[in-house]
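Breakdown of the fold
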Amino acid sequence: MNIFDSALLRLKKAAKYYHLPDWFIKQLSTPERTIEFNFLLKRDSGKIEMRRGYRVQYNNLLGPYKGGLRYHPKVDMDEVKSLAFWMMIKNAVADIPFGGGKGKGGIEVDPRSLSEKELERLTRQFTKELAPNIGPFMDVPAPDVNTNAKIMDWIVDEYVREIKDQKSKIKKNELKAVVTGKSVKNGGSKGREEATGLGGFFVLEELIKKLKFKKPLTVAIQGFGNVGSNIASILYKNGFKVVAVSDVHGAIYDKSDKGFNIDLVRKCKEEKGFLSGCYCIGSVCDLAKKYNDGLISNEELLELPVDILIPAALENVVTDKNAKKIRAKIVFEMANGPTTAEADEILNKKGIMVLPDVLCNSGGVIVSYFEWLQNIKGQKWSLAKVNKSLQKKMKESFEEIWKIHKEKKVNFRTAAYILALQRLAHKAGL
Ligand code: GLU
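Residues numbered from 1 in each chain as written. Predicted model: local features only at pLDDT ≥ 70, side-chain atom pairs only at ≥ 80, totals over all residues. Heavy atoms only, no water.

**Describing the environment of Arg423**
- For Arg423, the position within the fold is in helix α15 (residues 412-427).
- Spatially, the C-alpha atom of Arg423 lies 45 Å from that of Leu295, the residues being 128 residues apart in sequence.
- Beyond its immediate chain neighbours, meaning those up to four positions away, Arg423 contacts Leu62, Ala92, Val93, Ala94, Asp95 and Glu400. (Helix = DSSP H or I, 4+ residues; strand = E, 2+ residues; numbered from the N terminus. Contact = heavy atoms within 4.5 Å.)

Pasting the structure below:
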């Protein structure tokens, strides 16, 4: 089954519990607009290459389209459509007043093969092509896999230059709200970088309270990018034992179950990474040498006997092939779409709780909303205000989902989709 069809299955399942007209479900199963274009990139060597960019503007029932921009060699239209669909559900679950808009964009490129100058040229050219289709009240991109504040800053700069000659009604001070996840000095929000990880932590704390689980709990985290590394640090500082972490090169596992000092792991990763500030590569594997026999593969990490498994990298990692072997009590999805629909069924049968992406990783887009709001209103929030407001929102969404989960006796994913359907239907006057 292709990834988009698999994503839609969850919507269909929720629609069984919350009846809506067929045309509405069809509307939510179809992106409003898909944009795909080719553009040229000049390499440092002078060589010219063709690149392909995507943006899917899924549905703007609740507000401007909103969602991240991903740089990855495996980006394709099916993936971008799925990511945009999940953004629609996520924004509805997060109940962000502007947030009904969803979109997701991507460039099919391996950013690690580019120099920083090439990365900048790629970003600026992509923005030039996309400029007529984005804007603070139309479609607001943000960071995602392999993109960050520096890249968002280039986008604002290029966007402002590009629309300068057009008679835009957007006020000058509002223009920087064209993207979120910018650097703080360029209008970004304090706390945005850690927001996805912190938001996840707030939900996890609420969940274990409800389940009456006692700390210390063991955790395995797949992925050590922005999301994985931040949630690892936060959990480490809050009494969880992070016993396994991984990046694209492989995983390290502390068999003693004492858990890693995540500060050390991060330091090691930062030291080994290159193109600092853009994304780090280099690796936790180097640290693994110290732990010698603790070197395992990404696949093995998923099957460890831990309390909580956190996929925090890419989609489709828990599938019908490995779901039977998962031994965690809770799968806590910080990546978008890490569990396939088939795997969901298997995990359900095994009694493994799956906390869905559209709730767990919504902290990022929630603080994106706070950033957008600060830009439009000309405000600057303190970190304490951002984090407090984030905590409130995450708790509220979790409570709503918990209630539906109990009342309708459905799993957490279906409960989250029912909540999203309720909000979308309400907005559509149904
Ligand atoms: N890329 C993030 C996500 O998947 C953030 C999106 C945003 O802030 O708009 O939720």
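**As for the side chain of Asp153**
- Position of Asp153 among the secondary structure elements: in helix α5 (residues 149-163).
- In this structure, Asp153 is buried with no salt-bridge partner, the nearest side chain bearing the opposite charge being Lys185 at 4.3 Å.
- Setting aside anything within four residues of it in sequence, one finds Asp153 in contact with Lys182, Ser183, Lys185 and Asn186. (Buried < 20%, exposed > 50% of the residue type's maximum accessible area, 1.4 Å probe, protein only. Lys, Arg positive; Asp, Glu negative; His and termini not counted. Salt bridge = Lys/Arg side-chain N within 4 Å of Asp/Glu carboxyl O.)

**A short note on the pairing of strand β7 (residues 241-247)**
- β7 sits mainly inside the fold: 6 of its 7 residues count as buried.
- As a crossover connection, the stretch from strand β6 (residues 218-222) through helix α7 (residues 226-237) into β7 is right-handed.
- Note that β7 and strand β8 (residues 250-253) share 4 bridges and pair antiparallel. Each bridged residue has a counterpart across the sheet, and for Ala244 the counterpart in β8 is Tyr253.
- Adjacent in sequence and paired antiparallel, β7 and β8 are bridged by 2 residues. (Right-handed = clockwise from strand over helix to strand, strands pointing away. Pairing = 2+ DSSP bridges.)

**Description of the packing of aromatic side chains**
- Applying the stated criterion across every chain yields a total of 15 aromatic pairs.
- Consider the rings of Phe4 and Phe85, whose centres lie 6.5 Å apart with planes at 90°: the pair is edge-to-face. Of this pair, Phe4 sits in helix α1 (residues 3-17) while Phe85 is found in helix α3 (residues 77-94), placing the two residues 81 residues apart along the sequence.
- Assessed through its relative accessible area of 6%, Phe4 is described here as buried.
- Given the relative accessible area of 0%, Phe85 is considered buried.
- On the numbers, 6.0 Å between centres and 45° between planes, the contact of Phe201 with Phe202 is tilted. Each member of the pair Phe201 and Phe202 is classed as buried.
- Above the face of the Trp381 ring, Lys385 is positioned so that its terminal group lies 4.3 Å from the ring centre. (Phe/Tyr/Trp six-rings, centres within 6.5 Å; stacked < 30°, edge-to-face > 60°. Lys NZ or Arg CZ within 6 Å of the ring centre and 35° of its normal.)

**Some details on the layout of surface pockets**
- Roughly 190 Å³ of internal volume is contained in the second largest pocket.
- Lining the second largest pocket are 14 residues, and of these Gly187, Gly188, Gln374, Gln379 and Lys380 lie nearest its centre.
- Residues of the lining of the second largest pocket, tallied by class, amount to 2 nonpolar, 8 polar and 4 charged. (1 Å grid on protein atoms, 1.4 Å probe; cavity = no way out; pocket = protein on both sides within 12 Å on 5 of 7 lines; lining within 4 Å. Points joined across faces, edges and corners; volume = space filled by probe spheres on them. Nonpolar A, V, L, I, M, F, W, Y, C, P; charged D, E, K, R; others polar.)

**Observations concerning unusual backbone geometry**
- A cis geometry characterises the amide bond from Lys215 onward to Pro216, with omega recorded as 5°.
- As for its position among the elements, Pro216 is in the loop between α6 (192-211) and β6.
- Of note, Asn146 is a non-glycine position whose phi angle comes to about 65°, a positive value.
- In this structure, Asn146 sits in the loop between β5 (139-143) and α5.
- By relative accessible area, Asn146 is classed as partly exposed at 26%.

**Comments concerning the packing of helix α14 (residues 383-407) against α15**
- Remark: α14 packs on α15, axes separated minimally by 8 Å, with the N-to-C direction vectors making an angle of 110°. Taken together, the axes of α14 and α15 are roughly perpendicular relative to one another. Counting all contacts with α14, which are made through Ser397, Glu400, Ile401, Trp402, Ile404 and His405, the residues of α15 involved are Phe412, Ala415, Ala416, Ile418, Leu419, Gln422 and Arg423.
- The residue makeup of the contact of α14 with α15, split by class, is 8 nonpolar, 3 polar and 2 charged. (Axes fitted to C-alpha atoms, helices over the stretch in contact; angles between N-to-C directions. Parallel < 35°, antiparallel > 145°, perpendicular 65-115°, else oblique.)

**Some words on the nonpolar core**
- Counting residues in hydrophobic clusters, the biggest one holds 91 residues, and the most contacted among them are Phe85, Ile221, Leu235, Ile310 and Phe332.
- Among the elements that make up this core, the one with the highest residue count is α3 (12 residues).
- Sequence-distant contacts of Phe85, defined by excluding residues within four places in its chain, comprise Phe4, Ala7, Leu8, Leu11, Leu28, Tyr58 and Tyr417.
- Residues Phe37, Ile107, Leu114 and Trp154 belong to the second largest nonpolar core, which totals 25 residues. (Core = buried A, V, L, I, M, F, W, Y, C linked by side-chain atoms within 4.5 Å.)

**Looking at the packing of α6 against helix α13 (residues 363-377)**
- Running from N to C, α6 and α13 point in directions that differ by 140°, and their axes come no closer than 7 Å. With respect to each other, α6 and α13 are oriented oblique. Helix-helix and strand crossings are classified by hand; for α6 and α13 the assignment is right-handed. Along the contact surface, α6 presents Arg192, Ala195, Thr196 and Gly199, while α13 presents Gly363, Gly364, Val367, Ser368 and Glu371.
- Across the contact of α6 with α13, the residue classes tally to 2 nonpolar, 5 polar and 2 charged. (Left-handed = near helix turned anticlockwise from the far one by under 90°.)

**Section: the pairing of β8**
- Judged by which residues are buried, β8 turns out to be covered on both faces: Gly250 and Ile252 on one side and Ala251 and Tyr253 on the other are all buried.
- For β8 and strand β9 (residues 295-296), the ladder comprises 2 bridges, and the chain directions are antiparallel. Counterpart to Ala251 in the pairing with β9 is Ile296.

**Some words on helix α11 (residues 341-350)**
- Taken residue by residue, α11 has Ala341, Ala343, Asp344 and Leu347 as its buried positions. Looking straight down α11, one finds that the buried residues subtend no more than 150° of arc, so they occupy a single side.
- Buried residues belonging to α11 abut α1, β11 (330-332), β12 (353-355) and α15.
- Once α11 finishes, Gly351 follows within two positions and takes phi at roughly 80°, a positive value. (Arc of directions from axis to C-beta.)

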